Amino acid sequence: MGITRRSFIKYLSAIPPLATLGFKIKPLTNDNKKLSELLYEWKNPPREFSQAPFWFWNDDLSEKEIIRQIQDFADHGVYGFIIHPRVGLPEEISFMSDKLIYFMRVAIQEAEKNDMWCMLYDEGMYPSGSASGLIVAENPSYRPHGLFAIDLDEVKPGEQKFGFNIVTSGEVDLQENQNLVTVVKRKTNGHRIAILDRFINPEYSLIRGLHFLDSNSERRDDHKEVPEEMPQLADILNPDSVKCFIKIVYKRYYDEFKDHFGKTVKAIFTDEPSFFGKNPEDGAIPGNTEIIPFVNNWLKEDLTDKLPALWYDDEPDSNIIRKKYYRALNARLEETYYKQLHSWCIEHNISLTGHPGQPDDIGHLRYFQMPGQDIVWRFVDMDKPNALEGAESTNAKCASSAMIHLNKRRNSNEYCGAYGHNFTFTEMQWLAHWLLIRGCNLLYSHAFYYSVRGPRIDERPPDVGPNNTWWEQFRPFTNSVSQICWLNTDSQQICDIAILGLSDYLPWQSAKVCFQNQYDFNYLEARHLWEDAVVDSDGIHIAGMNYKTLIVEFDPPPEAKNAIKKLENEGRIIRWNPDGNEDESSLLNQLRQIVKKDVIVAPVNKDIRIRHVVKNDFHFYFVFNEGKNKISTKIKFNTKENLFSLNADSLGEEFSNGAEFRLLPHEFRVMLVKN
């Protein structure tokens, strides 16, 4: 008679344990336990590392549909979301209305019930700072000001220029709320220029609104957006206007949802505050009468006689003067806007997240608990030069570098926005990997649409979630994003190179050379050199990092002079001028003399990106083929230990260090160094 399955199991159960037969069972070592624990968390990353999409609330809302969509998110591996009031809401659900707050409460409570989390958006559309027109409605003096220039030697008596009346004498007849800042002569032709200050006219400096002008709008045949209301922008350079914004939005959120702050509600998102918003007035420059003394004091230089250069291109050093003026203006914005929001959030146990207006505005990020940036409008595109060239190519490293040097735990990026209906799932995955290899650890996907009814589907498309064809494929992708965000958090980046930047400028040319030659780096905002970095014979020490060299592409600020001189004396400075006669080989030769390469690729392949982190005492290498071609090359990692690839849920195959390494187009791989 044959052995049945049942009798075989009965037979096995009768065998004594191995230990009773004299066999010694080797216990798990601490290292094995640590590896098992690490692999378990890799397979099951905590929900805090989920992507958090912009959830466009863009139609009539209902409790039932909000709850259904939240459950759908969770079923597809999305455990966080940003409640984003968006154009398409009916007029009875206006920004900060009781009805909108009610539905927010429904979403927050449902998130809490399902062990999910969310963030609140601080504006009715964007840019932030105006509360969908409520700030100016409360106090019309909170409208933005502008500076205007009038050539007194060309204007005709009786003429009106930029809303200013010119009288018979050729002078300006100032009306209510109009101010003369100064009269200065142009350097090029000696003409007298009156610099004047007034409110921006109300038909200019607007923000995007929440309601269609025609509530019954149909989708256009050309799939373009339909007209929407455009509320008044508020003056974010006016500290009192910003205090009003905090009172109307932030304090209201706290009063309504304080029991959830710092728990289910993780952060408040502020979105690219702007001096002039949408539809700026011709001839206007941001500023007012009180701004000029601040600018001069901050720059430690009197720009008054040079102000015409803000308008006239042929004035001497006009580009330099404009950069100085706007740099000072951004310093003012730190004081009036970001610092106030930052302080309020600390006091109320909530994080400030979001992003500033420009991709390399690293200075503003010091006021975010979760510093961030954004990728929109295909400013960074798969297999295009802009992935490595131009200011937009710096934005991911901008945020991740700020996170490290400011001792923050997370850094974010709002990505995929307005990439168009032809945007593909392959492109979305590539963008995510583009961010992750640069150190991002919190992704805000733009966007999941509450509704795609009528013209809503064409508002800054595409929907990258439930209303897209790839939704059923989303869970494996978003889980892999969570895994790498987990690795990029509470870990130590291995990196010896810093590239010097300014508060509003990060060089991309040297960054491109580093990326293409597998040298990882971070951007170091210059003010760290005189504020909190330690400089010695071993380089720069800041926030647990030790940079062996600093790449400098421009003349550093005078405050950095002592630190730069000390580093130069120790052979730690690489000066490189890509706009001069120095080519890529010049930079690489200097790097080889100072920095030991962490990863050697032979033959060289400029599409390979490398990141090396240590988490829980284990070393990980990220390897990303950023290009469109298959790669077969040899890779030598800086370790004598065995390396294994990490699969979605387990330890994968072993890699012989220095052997051939194959990557498919756009493939992202994680390698674990196993002791």
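Before reading further, recall that the structure is shown in the block above.
Keep in mind that what you see is a predicted model, and the values were worked out from it rather than measured. (Residues numbered from 1 in each chain as written. Predicted model: local features only at pLDDT ≥ 70, side-chain atom pairs only at ≥ 80, totals over all residues. Heavy atoms only, no water.)

Draft legend 1. A look at the overall build of the protein chain. On a plain count of helices and strands, the protein chain comes out with 15 helices and 31 strands. Relative to the compact-globule value of 26 Å for 675 residues, the protein chain shows a C-alpha radius of gyration of 28 Å, a close match. The 675 residues of the protein chain split such that 58% are buried. For the protein chain, the proportion of contacts with a sequence separation of at least 24, taken over those separated by at least 6, is 75%. Put simply, the protein chain shows about 29000 Å² of open surface, and 48% of that area lies on carbon and sulfur atoms. If you average the places of the 78 positive and of the 96 negative side-chain charges in the protein chain, the two averages end up 8 Å apart. (Helix = DSSP H or I, 4+ residues; strand = E, 2+ residues; numbered from the N terminus. Rg over C-alpha atoms; globule rule 2.2 N^0.38 Å. Buried < 20%, exposed > 50% of the residue type's maximum accessible area, 1.4 Å probe, protein only. Contact = heavy atoms within 4.5 Å. Areas by Shrake-Rupley, 256 points an atom, 1.4 Å probe, with all protein chains shown as cover. Lys, Arg positive; Asp, Glu negative; His and termini not counted. Charge placed at Lys NZ, Arg CZ, Asp CG, Glu CD.)

Draft legend 2. Layout of the sheet that holds strand S22 (residues 549–552). On the basis of which strands lie adjacent, the open sheet formed by 4 strands has the order S18-S17-S22-S23 and parallel pairing. Lying at the two open borders of the sheet, with one neighbouring strand each, are strand S18 (522–525) and strand S23 (573–575). Neighbour-to-neighbour, the strand axes of the sheet open up by a mean angle of 35°, direction not taken into account. Contacting S22 and S23, helix H14 (residues 561–569) runs over the sheet at an angle of about 100° to S23. (Pairing = 2+ DSSP bridges. Axes fitted to C-alpha atoms, helices over the stretch in contact; angles between N-to-C directions.)

Draft legend 3. Here's a closer look at unusual backbone geometry. Cis peptide bonds are those with omega within 30 degrees of zero, and the linkage from Tyr 126 to Pro 127 qualifies with 5°. With respect to the helices and strands, Pro 127 occurs in the loop between strand S3 (117–121) and helix H5 (134–138). With an omega dihedral of 10°, the bond running from His 446 to Ala 447 counts as a cis peptide bond. If you trace the backbone, Ala 447 turns up in strand S15 (residues 442–449). For Ser 132, which is not glycine, the phi torsion reads 55° and is therefore positive. The topology assignment puts Ser 132 in the loop between S3 and H5. Even without being glycine, Cys 416 reaches a positive phi, approximately 85°. By the element assignment, Cys 416 lies in strand S14 (residues 412–417).

Draft legend 4. Structural context of the sheet that holds strand S21 (residues 545–547). Read from one edge to the other, the open sheet built from 3 strands follows the order S19-S20-S21, with strand pairing classed as antiparallel. Here the strands that pair on one side only, and so sit at the sheet edges, are strand S19 (534–536) and S21. Recorded for the sheet is a direction-independent mean angle of 20° between the axes of neighbouring strands. Here S19 pairs with strand S20 (residues 539–542) via 3 bridges, running antiparallel. Looking at S20, one finds that Val 534 is bridged to His 541.

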